[in-house]
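One letter stands for each residue in the lines below.
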Amino acid sequence: MKKNCLQVFALMLLMFGCKYAAMAQTAPLNVKAQLAYCLAQVKKSLQASKDGDINIPRSIPAGKTDWKYVGYKDWTSGFWPGVLWYAYEYSKDKSLKIAADKFSRELAPLAYSPAYDHDLGFQVYCSFGNGYRLTKDKAYKKIILATADTLATLFNPKVGTILSWPREVKNFGAHNTIMDNMMNLELLFWASKNGGSKKLYNIAVSHAKKTMANHFRKDYSGYHVVLYDTITGKKIKGITHQGYSDSSMWARGQSWAIYGFTMCYRETKNPAYLGFAQKVANIYLKRLPKDLIPYWDFDDAAIPNTPKDVSAAAVTASALIELSTFIKDAKLSAYYLGKAKAMLTEISTEKYQSHEVNNAILLHSTGHKPNNSEVDASIIYADYYYMEALLRLRAKDNF
Ligand code: GLY
């Protein structure tokens, strides 16, 4: 009798669990509630923040609770001030504005030092770029314009692209351009339209065109890195650095492409970029697992026993929201927006949000799997693009 009761109880629990899981999956995305959650996590991180030069949150390893901090030269240094600007934009809380300004200003020396690599766009546009958008502070504008000129020094006119990693020229024996670099063209476009040289616009367009021609396979999946002959400017080959193999589709690389070409269309209105953004998005969407959160590389032979990359999902969701606004065909536009919302709905579940686990916003991003670095971790750029996507939805739905 006792055993029977226990069995019935277990069955009821199971049924309730299944029903609850189904409800959780189909619950509509509540953008305001998710932004409020982000704000609470950001405030926790700010409260725990450190003094000194190495004080910018970058990532929290799986199973740990504390942020690993970096200094302003790190490629991710712009995302935390960017997160703070987004938190300020949402809340209008002055203390967040003060913090966003403080952390942004730490990055100012980047504008006036020789360019270390292409990441200047991530660093300065996500921080000062958002700061200027929200405050119109002239000091920020000066820093952004100077940084664009610094980034432009990496442009090789013979190749027609920016040299993404000067430090790797010796190792690769060639000029190298990486997919991620598409994101940093936004800084150049912005500068060219806000008092900077028109040459910056031409550099961005040249880089985007060459990337479109050389960085993709026939199915529109991208290479992480393309090597070019420095003297002749000709493409040598496409390879990987952070992906599974030279012929694989590294998830975040593809998400940078979706975002980058959508942004290029916004800035140029050249329909070639709009068409291309859809093609690179379509292969990504076609190959996603059911829950729309990609494994770190679409071709890892260990799938499904390999980590996911929520950062790629957040970047893609943000990009697809913007892409949907440019597409005239109402059905197609709704398709991309629907996918973005479904991704954000999934990211907004307990499975992917940190809550009490740590002070970041999201869990389960993968930075550099082949190096065994930041695998299945909380990473600041996932938080940044998640907040951006939520704010884009809020702006779109006008509330
Ligand atoms: N830009 C480096 C990365 O996406 O990991």
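Analysis parameters
- Residues numbered from 1 in each chain as written.
- Predicted model: local features only at pLDDT ≥ 70, side-chain atom pairs only at ≥ 80, totals over all residues.
- Heavy atoms only, no water.
- Helix = DSSP H or I, 4+ residues; strand = E, 2+ residues; numbered from the N terminus.
- Rg over C-alpha atoms; globule rule 2.2 N^0.38 Å.
- Buried < 20%, exposed > 50% of the residue type's maximum accessible area, 1.4 Å probe, protein only.
- Contact = heavy atoms within 4.5 Å.
- Areas by Shrake-Rupley, 256 points an atom, 1.4 Å probe, with all protein chains shown as cover.
- Lys, Arg positive; Asp, Glu negative; His and termini not counted.
- Charge placed at Lys NZ, Arg CZ, Asp CG, Glu CD.
- Pairing = 2+ DSSP bridges.
- Axes fitted to C-alpha atoms, helices over the stretch in contact; angles between N-to-C directions.
- Parallel < 35°, antiparallel > 145°, perpendicular 65-115°, else oblique.
- Left-handed = near helix turned anticlockwise from the far one by under 90°.
- Nonpolar A, V, L, I, M, F, W, Y, C, P; charged D, E, K, R; others polar.
- Expected span 1.5 Å × (residues − 1).

### Here we look at the overall build of the protein
Counting secondary structure elements, the protein contains 15 helices and 8 strands. Computed over its C-alpha atoms, the radius of gyration of the protein comes to 21 Å, within 12% of the 21 Å expected for a compact globule of 399 residues. For the protein, the spread of C-alpha atoms along the principal axes amounts to about 85 × 50 × 45 Å. Taken over 399 residues, the protein has a buried fraction of 58%. In the protein, once contacts between residues fewer than 6 apart in sequence are set aside, the share between residues at least 24 apart is 66%. Summed over its atoms, the accessible surface of the protein is roughly 17500 Å², and 57% of this surface lies on carbon and sulfur atoms. Here the protein holds 51 positive side-chain charges and 34 negative ones, and the gap between their average locations is 5 Å.

### Examining the pairing of strand β7 (residues 235-239)
Inspection of the sheet shows strand β6 (residues 225-228) paired to β7 by 4 bridges, in the antiparallel sense. Looking across to β7, one finds that Leu 227 is bridged to Lys 237. Here β6 folds back onto β7 in antiparallel fashion, the turn holding 6 residues, of which Gly 233 has a positive phi close to 80°.

### Some thoughts on the packing of helix α7 (residues 138-152) against helix α9 (residues 185-193)
Direction vectors running N to C along α7 and α9 enclose 120°, while the axes themselves pass 9 Å from each other. By the angle between their axes, α7 is oblique relative to α9. Where α7 crosses over α9, the two elements pack in a sense that is left-handed. Contacts from Lys 141, Ile 144, Leu 145, Thr 147, Ala 148 and Leu 151 in α7 reach Leu 187, Leu 188, Trp 190 and Ala 191 in α9. Here the contact of α7 with α9 is built from residues that sort into 8 nonpolar, 1 polar and 1 charged.

### Notes on helix α11 (residues 251-268)
Its 18 residues give α11 an end-to-end C-alpha distance of 26 Å, which sits within 8% of 26 Å, the value for a rise of 1.5 Å per residue. Along α11, 17 of the 18 residues are buried, which leaves the element largely enclosed by surrounding structure. The first or second residue beyond α11 is Lys 269, which carries a positive phi of 60°.

### What to know about unusual backbone geometry
A cis geometry characterises the amide bond from Ile 303 onward to Pro 304, with omega recorded as 10°. The topology assignment puts Pro 304 in the loop between α12 (271-287) and α13 (310-326). Phi angles above zero are rare outside glycine, and Lys 92 is one such case at about 60°. Tracing the sequence through the fold places Lys 92 in the loop between α3 (79-91) and α4 (94-105).

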